[in-house]
Amino acid sequence: MTVLYEKTVLYEVNTAVWLGESSGRYGRRVTLGDVPGEAWDEIALPGIDTVWLMGVWERSPAGLRIALRDEALRTSLRAALPDVTDADITGSPYCVRDYVVDASFGGPEGLAEARRQLAARGLRLILDFVPNHVAPDHPWVTGHPDRLLQGTADDLSRTPGDFIEAGGRILARGRDPFFPPWPDVVQLNAFGDALRAATVDALVCSYL
């Protein structure tokens, strides 16, 4: 039996940066819904068959406030960009407030148009989905806290880097096994059946 593997060549686009640069280039606010054709053509390079629009989802105001207060983060940003200002900090694209395309990027209609433009150039679209954490102001925090890993006041007092108070509850911060917790996200309870079903629903609805 012969098995053929299809090779995919992926082009990653930091959506916020690309749209910001495009806005400066064209002298107007550019969203996914009205990117000039020539800008799409520049992405449709020979050999590229899939474009990853990274970070299209609604960003978290709570996550942004955390980022603006994080002196270690601000120090690292100033080391890379000495003239960085608060206006340049948009928060993490992986601190997802909701799986709806951010309004500043053109909303769902803008993404639909981007998908059409890519398809017209023979390109497929891929989007990111974070399965293990959400923003501390995600609707699940107050509406479905059973979908998150919860702690106690003692946990927060003993290891404040591992827990955060959000929505009137003590929640575990998001992390993976090999790094310290991230300060701007809360951990989902992947072992809960309710969370798994809700994740499937969110995934299907977001990508339609």
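In short, a report on the structure.

How each quantity is defined
- Note that residues are indexed from 1 along each chain, following the sequence as it is written.
- Restriction of local features to residues with pLDDT of at least 70 applies here, the model being predicted, together with a cutoff of 80 or more for giving and counting side-chain atom pairs; totals for whole chains, interfaces and linings are based on all residues.
- The side-chain figures draw on all heavy atoms in the structure; neither hydrogens nor water molecules are used.
- Here the aromatic set is Phe, Tyr and Trp, taking the six-membered ring for Trp, and pairing holds for ring centres within 6.5 Å; pairs whose planes are under 30 degrees apart are stacked, those over 60 apart are edge-to-face, and all others are tilted.
- The way it works is that DSSP assigns letters per residue, a run of H or I at least four long becomes a helix, a run of E at least two long becomes a strand, and they are numbered from the N terminus.
- In this description, a nonpolar core means a group of buried Ala, Val, Leu, Ile, Met, Phe, Trp, Tyr and Cys residues linked to one another through side-chain atoms lying within 4.5 Å.
- Type-normalised accessible area, obtained with a 1.4 Å probe on protein chains alone, sets the label of each residue: buried when under 20%, exposed when over 50%, and partly exposed for intermediate values.
- Note on contacts: a residue pair is in contact if any heavy atoms of the two residues lie within 4.5 Å.
- In this analysis the probe radius is 1.4 Å and the grid spacing 1 Å, with only protein atoms considered; a cavity is a set of points the probe fits into but cannot get out of, a pocket is an open set with protein on both sides within 12 Å along at least five of seven lines, and lining residues have an atom within 4 Å of a point.
- Grid points are joined across faces, edges and corners, and a volume is the space filled by probe spheres set on the points.
- Under this grouping Gly is polar, as are all residues other than the nonpolar Ala, Val, Leu, Ile, Met, Phe, Trp, Tyr, Cys and Pro and the charged Asp, Glu, Lys and Arg.

**A look at the packing of aromatic side chains**
By convention here, two paired aromatic rings are described through the distance between centres and the angle between planes.
Then step 1. Enumeration according to the criterion identifies three aromatic pairs in this entry.
Then step 2. Here the aromatic rings of Tyr99 and Phe129 are separated by 4.5 Å at their centres, their planes lie at 25°, and the arrangement is stacked. Here Tyr99 is found in strand S4 (residues 96-101), whereas its partner Phe129 is found in the loop between strand S5 (124-126) and strand S6 (133-134), with 30 residues between them in sequence.
Then step 3. Each member of the aromatic cluster is reached from another via a ring pair, and the members are Trp57, Tyr99 and Phe129.

**Concerning the nonpolar core**
Nonpolar side chains in soluble globular proteins tend to end up buried together.
Then step 1. Trp18, Leu32 and Leu53 are the most contacted members of the largest nonpolar core, which has 24 residues in total.
Then step 2. Within the residue set of this core, elements represented by two or more residues are helix H1 (15-26), helix H2 (37-43), strand S2 (50-54), S4 and helix H5 (107-120).
Then step 3. For Leu32, the residues in contact, after removing those within four places along its chain, are Thr15, Trp18, Leu19, Trp40, Leu53, Val56, Phe105, Gly110, Leu111, Glu113 and Ala114.
Then step 4. One finds Leu148, Ile164, Leu171 and Leu188 within the second-largest nonpolar core, a separate group that totals twelve residues.

**Quick notes on empty space enclosed by the protein**
Then step 1. Considering all chains together, one arrives at one cavity of 30 Å³ or more under this definition.
Then step 2. Surrounding the largest cavity, Tyr99, Phe129, Val130, Val134, His138, Trp140, Leu188, Thr199 and Ala202 form its lining.
Then step 3. Class assignment of the residues belonging to the lining of the largest cavity gives a composition of seven nonpolar, two polar and no charged.

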